[in-house]
Each structure stands twice: as C-alpha cells, then as structure tokens.
Amino acid sequence: MSQFQTISTISLCLASVLVIISMIMSYRQELKLEKDIFISAIRATVQLLVIGFILSYIFSTESPIFIIGLLGFMAFNAAYNSAKRGQGIPHALWISWFAITIGAWITLSILLVTGVLSFTAYQLIPVGGMVISGAMVAIGLCYRQMLSNFELRRQEVEIKLALGSTPKQASKAIVRDVIKTGLQPTVDSAKTLGIVALPGMMTGLILAGMPPLEAVKYQMIVTFMSLSTISIACFITCQLAYRTFFNTRNQLYK
Amino acid sequence: MALLELSNISYIVKDKSIISDVSLSVNQGDYITIVGPSGSGKSTLLKLCSDLISPTSGTITYNDRPLTAIDPESYRREVGYCFQRPYLFAKTVRRNILFPYDIRGLKPDMSRIEYLFDLLHMPLNYMERRNDELSGGEMQRICLIRSLIFEPKVLLLDEVTSALDATNTSIVENVIDELHKKGITIISITHNEEQSLRIANRRITIVDGQLAKEEVLI
C-alpha cells in the first residue's frame, strides 16, 4: 500500500451522528429500539478498539511459534463451531479440525511459496482467518446436508448396499451432493464478484487509499484461496464423515 | 446342509423386541413364503437375512459359515433383495440397470440386460426413460431387473406385488416361478393367501416377532 487515508478522531466523532439518525428513526416509528441501537453502537466501539489493540500487538510479533499457535487456535475454534452443525456425526469436531487445518495449511503454503504472502503475523493472521472462517461455514453446510441426505435417502443407500456395493459406492451420490452444497455459496459469490457487489475487503483497501487495480489483485487472491481451502476442507470432511454412518458390517446405523 | 440357517435370532431396537428367538433353516432351492399381520416383524426378518441389519442375539450362517465371517459385499451379491416400495435412484433407468456393473468395475453385458427386459415384458428402450416417467408397476419390474443383473443364489422379496395391478402381478409372479425352477432359493413375504400357497414348498407365519407356524406345502 502506497499511502493510507487516515480518519481523524474528530471526523469519526462527527460520523457518529449516523447512529443518532437511526435512533431518531426508531423513535419516530415507535420501534422502541433506541436503547438497543445506543448500546450496540457503544459495544461495537469498545469491541473494535479492544481488537484493534490486540491486533496491533499480534501484528508486531514475529515469533513463528506464536503465529502458528494462533492459527491453530483459530482452526480449533472454527472446528468447534462447525461441529455444532454436525451433531449426530461421531468425531465431527476432529474431522472438522483436520479438514480446516489441512485446507488452510495447503492454501497458505502455496501463497507463501509463490511469494504472495510473507511469513509475518501481519499477513498470515488476517489471511488465515479468512480461509479458516470460509472453511468453517462450508463444513457446517456439509454436515447439515449430509445428516439430512442420509435420513431422506436412506432407502437409496440400503438398496445400493443390498446390491453389493461398499459404503463408499453406496454414498457416492450423497457425498457428491454434499460437497456441491458446501462449495456452492463460494462459487456463486466468485461468479458475481464485481458485478453484484464490490467485496468488503476490496472496498476497504480502496477506502484506505490503495489503487483499485492493486485492490483487485488482492481480491483475486482472496477468491482463489477461498475456493481452494473450501474445496479441500469439504472433500476431506465428506470423505471422513460419510463412513461414520456405517458400522463395521457396512450396515447403516439406525 | 442348510444354505441359510437362522439360529435363535432376536432383534431388539430401543428395548423393543422386533424379532424374538426365531430359528429357520433354508435349503438350496426352497421357495418359502412368509405371512403374518402387519408389524409382526416379517420385513425385519428379511432384512436380517439380507445382512442389512444384524441380530441382537443368535447366529445366521450361510453355507455353514457365520455371516460375521463373510465379507458383507460378497454375501449381498449372492443374496438379492427386492424392497416392498419400488425405488429407483439417480434420474434414469439406465443408471439403475448399470449400477451392478459399475460397482463390480465390469462392462455392461447387453445380452443379459436384453434377456431380463424381455423376461419382465419391458421394452428395451425403457433404459433411456427418466424414472419419473414410469408407473409403479414398471418401476417394480425395473427394480427386479436391477436385482437380477447378476443372478443371485437367494432372492429375498418383500411384498413385491402388493402395489401392483393384476397384469403386473402376473408378470412378476411368472418370473419368480421361472427363477425358482432354475434353482434360485426364494424367500418371499406376502399378504396374499392364494399367492402364499400357489408355488411355495414351505410357509411360515410370524406373529409378534415369533415363528408362530411352519407348514410344509408340497
């Protein structure tokens, strides 16, 4: 980035008048949301200031152990959240953690090897956060779709088993559908980039003073890395999760 | 030596007994019909025979070997199972007919497919039909063809004619008779008294998950 467009504290305070506008709207429309709007604005301010200080500290560190540890912590939290969507799937937490870790590790390694990123907290932590959170959402979608498919298409799976197929062969169509479900939002979003909406990150970079063409390059990398991580994470999740629907006799669990 | 031997098998789900202490010996070439009131456990018994579920207690042996010692896929390829409700997966008849070849990694044997379509009175061009273009009777006949692509040694039939009209029932019954004449062992659930007596050599009655009666018919 060549130069930053900084925002003065006075400008920020004046911009807070936007919150007052929404409070007035609420009052006029008798929505009784004035208190909630006020509290949410205060909370947002405090939370963002706190995270700003934390990020300033994190980005100032160069310890590889700290960077990897923090990425691992983010991956575990993401796995924990996505596993909530997979209640009923044994080992959902560890499957998610493994899928997210491998997906993020491959993507970040490629970005490091190709020189797109350097091994600094300033670059790895926010980019890692993007890929990990993308994988978390996609894995959650995969789990929900898988649970629903194995319930709704139980007869199909049993028929295929009765014909002598292995669990892998009997689940192939379901696994394919589930991976598609996990990938679809990212693929759709990639298709409409720049047409339907300017992505938040790109907009942020432009607002911060980066030339649009440079911001576009960053956005392209974000799009590619999201597609890569989510594909890997969905594939690993589905390949490990479908087997948990079968017992050692290759029968579907009740 | 019995081909399929069920010894004191019970099946319990969530503390509810579905099958209780059933023993049955099935010989090569047998045609056994299973009758009994709805909910008596007939379909569960057939599923146990197909190895889609395992008994809570008791043992099932096939050719004197316990099922637990036989690879499940190898066993299910010898013991065909046709469900009560006809169900075709994917979108087309073709995908269903080719599935048994796909899972074995084999090329389709068109002469075998043509023979089975002919046997079940189905025009071969139905291969290209979409599943939703078929009537219930046609779907059940396709399901039967799918189960017979590789001729099983034992065929388990769960009320396959219960939802069919007279014409379709007659076609399916004739095919089952034909298969039995070729030496395939048939175990068939039916609600139809006349059907249960027509050709079977044994009839067993299941009531409340227990073997209530066993009759030798021929």
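Looking at an unreviewed UniProt entry, chain B carries the name ATP-binding cassette domain-containing protein, with the source organism given as Veillonella fallax.

In the nomenclature of an unreviewed UniProt entry, chain A is known as Iron export ABC transporter permease subunit FetB of Veillonella infantium. Per UniProt, chain A has the following entry under Sequence similarities (unreviewed entry): "Belongs to the UPF0014 family." The UniProt entry for chain A carries this comment under Subcellular location (unreviewed entry): "Membrane".

(A) Inspection of the sheet that holds strand 4 (residues 57-62) of chain B at higher detail. All names here are of chain B. Reading across from one edge, 2-1-4-5 is the order of the four strands in this open sheet, with antiparallel pairing throughout. The sheet is open, and its two borders are formed by strand 2 (16-26) and strand 5 (65-66), each paired with just one other strand. With five bridges connecting them, strand 1 (residues 4-13) and strand 4 associate as antiparallel partners. What sits directly across from Ser10, in strand 4, is Ser57. Across the sheet, helix 1 (residues 42-50) lies against strand 1, strand 2 and strand 4, angled at about 120 degrees from strand 1, the strand it touches most.

(B) Region of the structure containing unusual backbone geometry. Residues and elements named next belong to chain A. With phi around 55 degrees, Asn250 is a residue other than glycine that occupies positive phi space. Within the secondary structure, Asn250 is located in the segment after helix 10 (212-241). Note on Asn250: relative accessible area 9%, which makes it buried.

(C) Spotlight on the pattern of salt bridges. In this structure the tally under the stated criterion is 18 salt bridges over all chains. Between A:Glu158 and A:Arg154 there is a salt bridge, with its nearest N and O atoms 4.0 Å apart. Within this pair, A:Glu158 and its partner A:Arg154 are both found in helix 7 (residues 154-162), separated by four residues, close to a single helical turn. Looking at A:Glu158, the relative accessible area reads 4%, which means it is buried. Judged by relative accessible area, which is 21%, A:Arg154 ranks as partly exposed. With its nearest N and O atoms 2.8 Å apart, the salt bridge here joins B:Glu151 to B:Lys182.

(D) Up close: the layout of surface pockets. Residue and element names in this part refer to chain A. Volume-wise, the largest pocket comes out at about 960 Å³. As for the largest pocket, its lining consists of 26 residues, and the residues nearest its centre are Ile7, Leu12, Thr45, Leu48 and Leu49. Elements represented by at least two residues in the lining of the largest pocket include exactly helix 1 (9-15), helix 2 (17-28), helix 3 (34-60) and helix 9 (200-207). Ranked by the residues each element gives to the lining of the largest pocket, the list is headed by helix 3, at twelve residues.

(E) The packing of helix 7 of chain A against helix 8 (residues 167-191) of chain A, seen in detail. Residue and element names in this part refer to chain A. Direction vectors running N to C along helix 7 and helix 8 enclose 150 degrees, while the axes themselves pass 9 Å from each other. With respect to their mutual orientation, helix 7 and helix 8 come out roughly antiparallel. Classified by chirality, the crossing of helix 8 by helix 7 is right-handed. From helix 7, Glu156, Val157, Lys160 and Leu161 reach across to helix 8, where they touch Pro167, Gln169, Ala170, Ala173 and Ile174.

(F) Representation of the packing of aromatic side chains within the structure. All names here are of chain A. Scanning the model with the defined rule gives ten aromatic pairs over all chains in all. Both rings, one in Phe76 and one in Trp94, keep their centres 6.2 Å apart while their planes meet at 55 degrees; by these two values the pair is tilted. Note that Phe76 is positioned in helix 4 (residues 64-83) and Trp94 in helix 5 (residues 92-113), a separation of 18 residues in sequence. In this structure Phe76 comes out as partly exposed when scored by relative accessible area, which is 34%. A relative accessible area of 51% means that Trp94 is categorised as exposed. Aromatic pair Phe150 and Phe246: ring centres 6.0 Å apart, planes at 85 degrees, arrangement edge-to-face. One end of the pair, Phe150, is in helix 6 (residues 121-152); the other, Phe246, is in the segment after helix 10, and 96 residues separate them in sequence. A relative accessible area of 5% places Phe150 in the buried class. Judged by relative accessible area, which is 4%, Phe246 ranks as buried. Among the aromatic residues, ring-to-ring pairing joins Phe76, Trp94 and Trp97 into one connected group.

Definitions and cut-offs
Residues numbered from 1 in each chain as written. Chains lettered and ligands numbered in written order. Predicted model: local features only at pLDDT ≥ 70, side-chain atom pairs only at ≥ 80, totals over all residues. Heavy atoms only, no water. UniProt positions renumbered as here; feature names shortened; annotations may be inferred. Pairing = 2+ DSSP bridges. Helix = DSSP H or I, 4+ residues; strand = E, 2+ residues; numbered from the N terminus. Contact = heavy atoms within 4.5 Å. Axes fitted to C-alpha atoms, helices over the stretch in contact; angles between N-to-C directions. Buried < 20%, exposed > 50% of the residue type's maximum accessible area, 1.4 Å probe, protein only. Salt bridge = Lys/Arg side-chain N within 4 Å of Asp/Glu carboxyl O. 1 Å grid on protein atoms, 1.4 Å probe; cavity = no way out; pocket = protein on both sides within 12 Å on 5 of 7 lines; lining within 4 Å. Points joined across faces, edges and corners; volume = space filled by probe spheres on them. Parallel < 35°, antiparallel > 145°, perpendicular 65-115°, else oblique. Left-handed = near helix turned anticlockwise from the far one by under 90°. Phe/Tyr/Trp six-rings, centres within 6.5 Å; stacked < 30°, edge-to-face > 60°.

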